[in-house]
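Structural overview
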Amino acid sequence: MQPQKRLPDRRAMNASYSTLIGALDLAQRLHDPDWVVFDCRFDLANPAFGHQAYLDGHVPGAFFLDLDDDLSSAKTGRNGRHPLPDPARLAARLAACGVSNHSQVVAYDDAGGMFAARLWWLLRWLGHHRVAVLDGGLRSWLSLGQPLDSTLPEAQQRTYTLSLRSERVDADYVLEHLGSADMVLIDARSPDRFRGENEALDPVGGHIPGAINRFFRDNLDSKGCFKQPSVLREEFGALLGAHGPRQVVHQCGSGVTACVNALAMEAAGLPGSRLYAGSWSEWCADPSRPVARGSA
């Protein structure tokens, strides 16, 4: 008897990823023309690092997006360190890299998802749900023996139509809801920066009054991968209490690492939270806005 031929799993082939994707799943779909991968590596202390690291070696076929140049807009001194990019300009940049409204997008970095999650959130803001972050980032990719490539990919221009969603709030919204039961403000910065200690990035130390501290790295396990959804759901549940996920507003220093908390909540089955993109760097630029220090 001849062995039966194994047919492709159509469910796997048609799978859509909207939060996280494993390295093995990505490797199996790497050459799918409907999939587009982005390298989002960056270093706040050395902005040139990410592009050079990309040139030295990246996931085969991946394009590079820079946090400052592609995933942010110009700073005015009052709008934070990483203001949101112009949505039409971002959509055009994505389309130039081959992204259409039907593409599966995957973002990765080497920093616990802190930059890849920014692209994940931005695409969801544009109305795109087929976007996921590589769980464990480049470390996970390499741990499976997957290759890197220094060849620059050639893109096929696509058409991308954006449909902005209400994924964000502004400083006025946060100010109006301080102390209100309608908002749970979660700060993703490290505990020392939240308390107002060791502030090296912004001119003022402290946090927005009433904010709860949830360091973005607390979403990761010892291998740098996101914790299991059940664990994340329990941990965020302890923060939210009787509040629902749609009452949550995420913030951090400049609207970057806060996206990791937003991603973790989505992965945990707690959808609907929003982002205060200006975050602490915008908030503290206006001396009329209140500041709190310490652990509460």
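I will try to describe carefully the structure that is included in this document.

Reading the values: rules and limits
- Residues numbered from 1 in each chain as written.
- Predicted model: local features only at pLDDT ≥ 70, side-chain atom pairs only at ≥ 80, totals over all residues.
- Heavy atoms only, no water.
- Pairing = 2+ DSSP bridges.
- Helix = DSSP H or I, 4+ residues; strand = E, 2+ residues; numbered from the N terminus.
- Contact = heavy atoms within 4.5 Å.
- Axes fitted to C-alpha atoms, helices over the stretch in contact; angles between N-to-C directions.
- Parallel < 35°, antiparallel > 145°, perpendicular 65-115°, else oblique.
- Left-handed = near helix turned anticlockwise from the far one by under 90°.
- Nonpolar A, V, L, I, M, F, W, Y, C, P; charged D, E, K, R; others polar.

So, the sheet that holds strand 2 (residues 35–39)
Read from one edge to the other, the open sheet built from five strands follows the order 1-5-4-2-3, with strand pairing classed as parallel. Looking along the sheet, the strands with just one partner apiece sit at the ends: strand 1 (20–21) and strand 3 (63–64). Across five bridges, strand 2 lies against strand 4 (residues 104–108) in parallel orientation. Pairing of W35 across the sheet is with Q104, part of strand 4.

Some words on the sheet that holds strand 6 (residues 168–169)
Here we have five strands laid out as an open sheet, ordered 6-10-9-7-8, and parallel in their pairing. If you trace the sheet from one side to the other, it starts and ends with strand 6 and strand 8 (212–213), each paired once. Pairing between strand 9 (residues 248–251) and strand 10 (residues 274–276): two bridges, direction parallel. Residue pairing across strands places H250 opposite L275, the latter belonging to strand 10. Contacts from helix 9 (residues 229–240) reach strand 7 (184–187), strand 8 and strand 9 within the one sheet, and its direction differs from that of strand 7 by about 125°.

Here we look at the packing of helix 9 against helix 10 (residues 258–267)
Helix 10 packs onto helix 9 with a crossing angle of 115° between their chain directions and a minimal axis gap of 8 Å. The orientation of helix 9 relative to helix 10 falls into the category roughly perpendicular. Note on packing geometry: the crossing formed by helix 9 with helix 10 is left-handed. Contact with helix 9, carried on its side by P229, L232, F236 and L240, involves N261, A264, M265 and A267 of helix 10 and no other residues of that element. For the contact of helix 9 with helix 10, the class distribution of residues is seven nonpolar, one polar and no charged.

Details of the packing of helix 5 (residues 116–125) against helix 10
Look at helix 5 against helix 10: their axes get within 8 Å of each other, and the N-to-C directions meet at 70°. Between helix 5 and helix 10, the angle is such that the two are roughly perpendicular. Classified by chirality, the crossing of helix 10 by helix 5 is left-handed. For the pair helix 5 and helix 10, the contacting residues are A117, R118, W120, W121 and R124 in the first and C259, V260, A262, L263 and E266 in the second. Within the contact of helix 5 with helix 10, the residues separate by chemical class into seven nonpolar, no polar and three charged.

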